[in-house]
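# Residue-level structural notes
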Amino acid sequence: MAKPYLTGGCRVQLGYGLAQVQKLKLALTPQLRQSLAVLQLSAVDLVAFLQQQADENPLLNVDARDELAWLGDEERRAEARGEPTEDDAVDWAAYLEDPGFRESAAAWSEDEDPLARATRSDKTLFSVLAEQLRYASVSEPVRRAALFLAGNLTDAGYLDVSLEEAAAASGTDVVTMRQALDVLQSLDPPGVGARDLRECLLLQLARLEPRDALAEAIVRDHLEDLAAHRLGRIAAALGVHESDVQRAVDRIRALNPKPGLAYASDDVRYIVPDVFVERVSGEYVVILNDRILPRITINAAYRRLLSDSADRDARRYVEERLNAALWVVRSVEQRRLTLFRVTQAIVQRQRDFLDYGIARLKPLTLRDIAEMTGLHESTVSRATANKYVQTPRGLFAFKFFFGGGVETASGAASAESVKARIRALIEGEDKKRPLSDQKLADLLAQEGIAIARRTVAKYREELGIPPSSKRRRYD
């Protein structure tokens, strides 16, 4: 039993009790979570998601569009541009039946992606080296040892095991393994088989005609100074003029520090735009890229079970699967409408960029688009995540259009436009007397862009441009 106690001269009784309280709370149902997840997917990821849903739900049919289904989108885009459409369009069926077309397309497999064929190569670094070793004039033990070393190269073409370790692992003596390494390093691409960057560059310099003794000395003894662009110190140490060091450095920088990457087997990933923005009669039209999305339908055979089946469990199962399928369809359509509204708002705010280029890109935040569309900021963030838009100015990630800015004499300017101006100033500078960050800030201030030196340094680093001390040339 609760005991009373005194506070401020009043007796207070403590105890337990039940009370009803009304309050609002957002409940994230599984369907709502799914809708938010679909909104965040790119077009390519959405295709994979729909296929997964079709595998799990027998009521959901996901059919790939016909090979010529994209013509529907193109016709709509052509109509928007005022170009000929159905009435005077090409007879595609007759065109595809033309013998000339069949002959030109015969080299392609029906199931093969032409883009994948364009970039695919069956050659690997090991196969290239093995082919050269087949015709090398060396003894069989040295050839086998060289093949062993070739199989232990990194993707960049470096040997990351010692000769002693390689000899012990292959059952070969160290002398034979050293001969094998000399053979391997004489093969193409130049620099392959090196054990560090210094050796890789020296191997490539050794093949140059005529030999550049100064460049070899710089790599052998002053690689750290070269990385720090301390050309004056290198010139003093070697007793040569700074202009000679500059010419040698230019030659060194033309070498390939990772010769094996030319045969790397990484898959090429293509960027597929989720939205197209096209200029039509002076206005910008937003067109969603629906051509890569499959066609979604509900399996009619299961729908009939709802009315024909007397099995209660079967009907309950079909109802559950039907509701899940309908939620997928609604989520996809909601994603489409939200993406369209957000893109229209971005186009409206960034009209000057589309008309005149990067110099007219405006600062933009998620809140700005949220207020224009009546959506929540988190919804705008999900709608623009992992997505790209194709514009007359090029292909951009949606996040490109969002960012802070700085105040200028003519109004606010985005960070990207300021970066573009910094890049232009650096490209036009005197390379013998490069512009310091403070000088860049002063020049921008003269143009009405007042930013601090540290902000200039930050933008320069984001552009991947080294400081003035490393940009100076001694020609």
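Attention in this report is confined to the structure presented alongside it. (Residues numbered from 1 in each chain as written. Predicted model: local features only at pLDDT ≥ 70, side-chain atom pairs only at ≥ 80, totals over all residues. Heavy atoms only, no water.)

Now for the overall build of the protein chain. Summing up its helical and strand segments, the protein chain has 24 helices and 10 strands in all. Residues counted as buried form 35% of the 475 residues belonging to the protein chain. Taking all contacts inside the protein chain whose residues are at least 6 apart in sequence as the whole, residues at least 24 apart take part in 62%. Entry remark: accessible area of the protein chain is about 29,000 Å², with carbon and sulfur atoms responsible for 50%. (Helix = DSSP H or I, 4+ residues; strand = E, 2+ residues; numbered from the N terminus. Buried < 20%, exposed > 50% of the residue type's maximum accessible area, 1.4 Å probe, protein only. Contact = heavy atoms within 4.5 Å. Areas by Shrake-Rupley, 256 points an atom, 1.4 Å probe, with all protein chains shown as cover.)

With that settled, consider the pattern of salt bridges. This model, assessed by the stated rule, comprises 28 salt bridges. Salt bridges linked by common partners bring Arg279, Glu283, Arg351 and Asp355 together as one network. (Salt bridge = Lys/Arg side-chain N within 4 Å of Asp/Glu carboxyl O.)

The subject of this paragraph is the pairing of strand β4 (residues 275–280). Sheet faces and side chains relate simply in a regular strand, where the side chains alternate between the two faces. Counted residue by residue, β4 has five buried out of six residues, so it is predominantly covered. Note that β4 and strand β5 (residues 283–288) share six bridges and pair antiparallel. From the neighbouring strand, arginine 279 faces β5, where its bridge partner is tyrosine 284. Where β4 meets strand β7 (residues 388–391), two bridges bridge the pair, whose relative direction is parallel. When the bridges of β7 are listed, valine 275 appears paired with valine 389. (Pairing = 2+ DSSP bridges.)

As a further point, take the sheet that holds β7. If you walk across this open sheet you meet the four strands as β5-β4-β7-β8, and the pairing is mixed. Strands with a single pairing partner mark the edges of an open sheet, and in this sheet they are β5 and β8 (394–397). Here the average twist between neighbouring strands, direction ignored, is 25°. Sitting on the sheet, helix α17 (residues 312–349) touches β4 and β5, and the angle it makes with β5 is about 160°. (Axes fitted to C-alpha atoms, helices over the stretch in contact; angles between N-to-C directions.)

The subject of this paragraph is the packing of helix α21 (residues 415–427) against helix α23 (residues 453–462). Put simply, α21 and α23 touch, their axes get as near as 10 Å, and they point 80° apart. Taken together, α21 and α23 sit at an angle that is classed as roughly perpendicular. Side by side, α21 and α23 meet where Ala415, Val418, Lys419, Ile422 and Ile426 of the first sit next to Val456, Tyr459, Arg460 and Glu462 of the second. (Parallel < 35°, antiparallel > 145°, perpendicular 65-115°, else oblique.)

Let us now look at helix α1 (residues 30–40). Within α1 the residues assigned to the buried category are Gln34, Ser35, Val38 and Leu39. What you see down the axis of α1 is that its buried residues fit within an arc of 140°, all on one side. Turned more than 90 degrees away from the buried face of α1, the exposed residues are Pro30 and Arg33. (Arc of directions from axis to C-beta.)

Between helix α9 (residues 163–170) and helix α10 (residues 174–185), the shortest axis-to-axis distance is 9 Å and the interhelical angle comes to 115°. Judged by the angle between their axes, α9 and α10 are roughly perpendicular. Of the two possible hands of crossing, α9 and α10 adopt the one that is right-handed. Across from Leu163, Glu164, Ala166, Ala167 and Ser170 in α9, the residues of α10 making contact are Val174, Met177, Arg178 and Leu181. Looking at the contact of α9 with α10, its residues break down into six nonpolar, one polar and two charged. (Left-handed = near helix turned anticlockwise from the far one by under 90°. Nonpolar A, V, L, I, M, F, W, Y, C, P; charged D, E, K, R; others polar.)

This brings us to the packing of aromatic side chains. This structure, assessed with the given rule, holds six aromatic pairs. Note on phenylalanine 353 and phenylalanine 396: the rings are 5.5 Å apart at their centroids and 75° apart in plane angle, and the pair reads as edge-to-face. Here the residue phenylalanine 353 occupies a position in helix α18 (residues 351–356), and phenylalanine 396 occupies one in strand β8, the gap between them amounting to 43 residues. By the burial criterion, phenylalanine 353 is buried, and phenylalanine 396 matches it. Ring geometry for phenylalanine 396 versus phenylalanine 400: centroids 4.5 Å apart, planes at 25°, classification stacked. For the pair phenylalanine 396 and phenylalanine 400, one class covers both residues: buried. Through pairs of rings, three or more aromatic residues link up here, namely Phe353, Phe396, Phe400 and Phe401. One Lys or Arg, arginine 330, reaches over the ring of tryptophan 327 and ends 5.9 Å from the middle of that ring. (Phe/Tyr/Trp six-rings, centres within 6.5 Å; stacked < 30°, edge-to-face > 60°. Lys NZ or Arg CZ within 6 Å of the ring centre and 35° of its normal.)

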